[in-house]
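Each chain, written out:
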Amino acid sequence: MDVRDRLAANMKRLRKERGWSQEALADAAGLDRTYISGIERKVKNPTITVVDRIAVALGCRLGDLLG
């Protein structure tokens, strides 16, 4: 499993654990819902800054998304 696979799976799992839609996560992270969808579908390759914004929004560590 490469880093994009891990990011997509962990992001989706953590989002669903919180009961959030992609739109709710996007709002919390200051991103567009279609961008969140693209990351989860592995068609977008986010920068580390974007991954950090997602981690902050989800209230987790960066490593929780990439590990």
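The structure displayed is predicted, hence computed values, not measured ones.

(A) Here's a closer look at the overall build of the protein chain. Helix and strand counts for the protein chain come out as five helices and zero strands. Starting at the N terminus and ending at the C terminus, the protein chain contains elements arranged as α-α-α-α-α. Judged by the C-alpha coordinates and their principal axes, the protein chain covers about 25 × 20 × 20 Å. By the burial criterion, 37% of the 67 residues in the protein chain qualify as buried. Accessible surface for the protein chain amounts to roughly 3900 Å². Of this, 49% is attributable to carbon and sulfur atoms. The centroid of the 13 positive side-chain charges in the protein chain is displaced by 3 Å from the centroid of its 9 negative side-chain charges.

(B) Examining the nonpolar core more closely. In terms of nonpolar packing, the biggest core is built from 17 residues, with Met11, Leu25, Ile36, Ile54, Leu58 and Leu65 touching the most fellow members. Elements with a contribution of two residues or more to this core: helix H1 (3–17), helix H2 (22–29), helix H3 (33–40) and helix H4 (48–58). When residues of this core are assigned to their parent elements, the largest contribution, six residues, is made by H4. Those residues within four positions of isoleucine 36 in sequence are excluded, and the remaining contacts are Met11, Gln22, Leu25, Ala26, Leu31 and Ile54.

The rules we used
- Residues numbered from 1 in each chain as written.
- Predicted model: local features only at pLDDT ≥ 70, side-chain atom pairs only at ≥ 80, totals over all residues.
- Heavy atoms only, no water.
- Helix = DSSP H or I, 4+ residues; strand = E, 2+ residues; numbered from the N terminus.
- Buried < 20%, exposed > 50% of the residue type's maximum accessible area, 1.4 Å probe, protein only.
- Areas by Shrake-Rupley, 256 points an atom, 1.4 Å probe, with all protein chains shown as cover.
- Lys, Arg positive; Asp, Glu negative; His and termini not counted.
- Charge placed at Lys NZ, Arg CZ, Asp CG, Glu CD.
- Core = buried A, V, L, I, M, F, W, Y, C linked by side-chain atoms within 4.5 Å.
- Contact = heavy atoms within 4.5 Å.

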